[in-house]
Amino acid sequence: YPRAASLRDDLPRHMSAFLTPSGQGAVLLAEDSARTVRLLSLEAQYYRSLIQEPWGAHHLQGHLGQFWSGAGCRDVSAVIPYSAVLAHASTLSEQVRQVADSPEARILIWTRDTQTGTVSRHEVAVRLPRSFVLADRTALADEGLIERLRAMRERALPSETGGILIGFYDLPLGLLVLVDALPAPKDSREDETEFVRGTDGMLDAVRSAGARTAGIVQYVGEWHSHPPGAGSRPSGRDLVQLKQLSEQMRNDGLPAIQVIVGERDFSVGYMSELR
């Protein structure tokens with residue numbers, strides 16, 4: 001529902017509050033009063049914080065690692081201590097009222113240490129969303145991810161660089177949501193006219209992102225930069241790569257995406273039909 005509601009303009013401001021599977025953490029995602037940043041983008045930015053921040057390593061521990069859609073009384077369930085429910089429910093009820101009085105979008109996380117009773121609070125800076133309308137679906141990103149891509153390009157100049165994109169799909173809604181971009185592996189080849197991505201550590205990095213996000217975030221495509229003075233228009237080689245990616249991902253029934261970071265612009269490539 002939070003994702004579907006994010007696509008509707010006729011709804012009021014939304015918030016999403018939930019406990020983590022272990023009962024040790026709680027999360028509050030709140031749209032701004034103008035709904036400039038909606039729950040779908042807040043969800044993606046929350047996942048990126050889990051991947052990048054030290055506290056994210058065990059935040060969603062205890063998840064079942066599978067998606068269940070039955071939602072019935074005999075569906076798979078987990079036991080959360082009643083004391084944890086009460087502790088987080090008190091915090092969330094207070095915070096929902098306070099956040100509702102403010103117009104800003106918020107991403108708030110609490111983690112409770114059951115041994116000492118202490119509660120750690122984390123707040124993630126909210127960034128504006130970006131959407132890219134493709135042939136038969138929409139790709140979503142945010143300014144934080146785009147700035148991260150530009151920073152990796154700047155550090156590699158005058159050479160080209162690149163890496164992989166991780167995110168999640170919502171196929172019924174026709175969405176491909178970009179969460180994070182990983183830097184070039186150590187065995188990559190970078191120079192002023194070409195980038196060839198290596199593989200060293202990539203599989204472990206993707207698995208780690210999946211583990212930290214309860215299996216939601218996964219590989220969705222590739223990104224690379226263009227050299228100084230060049231825009232983000234794909235070259236012939238780029239189009240060949242996109243076609244190969246699309247053919248490989250199609251075996252799993254999933255779309256593939258290619259992001260190119262130019263000197264001043266940013267493009268998202270996608271191939272809906274292969275001939």
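Further up the page is the structure itself.
Asks: Is there a simple way to think about the overall build of the chain in this case?
Replies: Scanning the chain for helices and strands turns up six helices and 13 strands. Its C-alpha atoms give the chain principal-axis dimensions of about 60 × 40 × 35 Å. Within the chain, buried positions represent 45% of all 275 residues. Contacts in the chain between residues at least 24 apart in sequence constitute 65% of all its contacts with a sequence separation of at least 6. Accessible surface, the chain: about 14300 Å² in total, of which carbon and sulfur atoms supply 51%. Across the chain, 29 positive and 34 negative side-chain charges occur, with their mean positions spaced 2 Å apart.

Asks: I keep staring at the environment of Arg3 and nothing clicks. Help me out?
Replies: Positionally, Arg3 belongs in helix α1 (residues 2–6). For the pair Arg3 and Leu173, spaced 170 residues apart in sequence, the C-alpha separation works out to 8.3 Å. Those residues within four positions of Arg3 in sequence are excluded, and the remaining contacts are Leu40, Glu43, Tyr47, Phe168, Tyr169, Asp170, Leu173 and Ile216.

Asks: Sorry if this is basic, but what is going on with the environment of Ser83 here?
Replies: Residue position: Ser83 is located in helix α3 (residues 82–100). Residue Ser83 is classed as partly exposed on the basis of its relative accessible area, which comes to 45%. Separated by 31 residues in the primary sequence, Ser83 and Thr114 place their C-alpha atoms 9.8 Å from one another.

Asks: Any chance you could explain the packing of aromatic side chains here in plain terms?
Replies: For any pair of aromatic rings, geometry is given as the distance between the ring centres together with the angle between the planes. A complete count under the given rule lists four aromatic pairs for this structure. Their ring planes at 40 degrees and their centres at 5.6 Å tell us that Tyr46 and Tyr47 sit as a pair that is tilted. Here the two residues Tyr46 and Tyr47 agree in accessibility, since each one is buried. Relative to Phe266, the ring of Phe132 has its centre 5.6 Å away and its plane inclined at 40 degrees; by these criteria the two rings are tilted. Taken together, the positions of Phe132 in strand β5 (residues 129–133) and Phe266 in strand β13 (residues 266–270) put the pair 134 residues apart, joining distant regions of the chain. A relative accessible area of 13% means that Phe266 is categorised as buried.

Rules behind the numbers
Residues numbered from 1 in each chain as written. Predicted model: local features only at pLDDT ≥ 70, side-chain atom pairs only at ≥ 80, totals over all residues. Heavy atoms only, no water. Helix = DSSP H or I, 4+ residues; strand = E, 2+ residues; numbered from the N terminus. Buried < 20%, exposed > 50% of the residue type's maximum accessible area, 1.4 Å probe, protein only. Contact = heavy atoms within 4.5 Å. Areas by Shrake-Rupley, 256 points an atom, 1.4 Å probe, with all protein chains shown as cover. Lys, Arg positive; Asp, Glu negative; His and termini not counted. Charge placed at Lys NZ, Arg CZ, Asp CG, Glu CD. Phe/Tyr/Trp six-rings, centres within 6.5 Å; stacked < 30°, edge-to-face > 60°.

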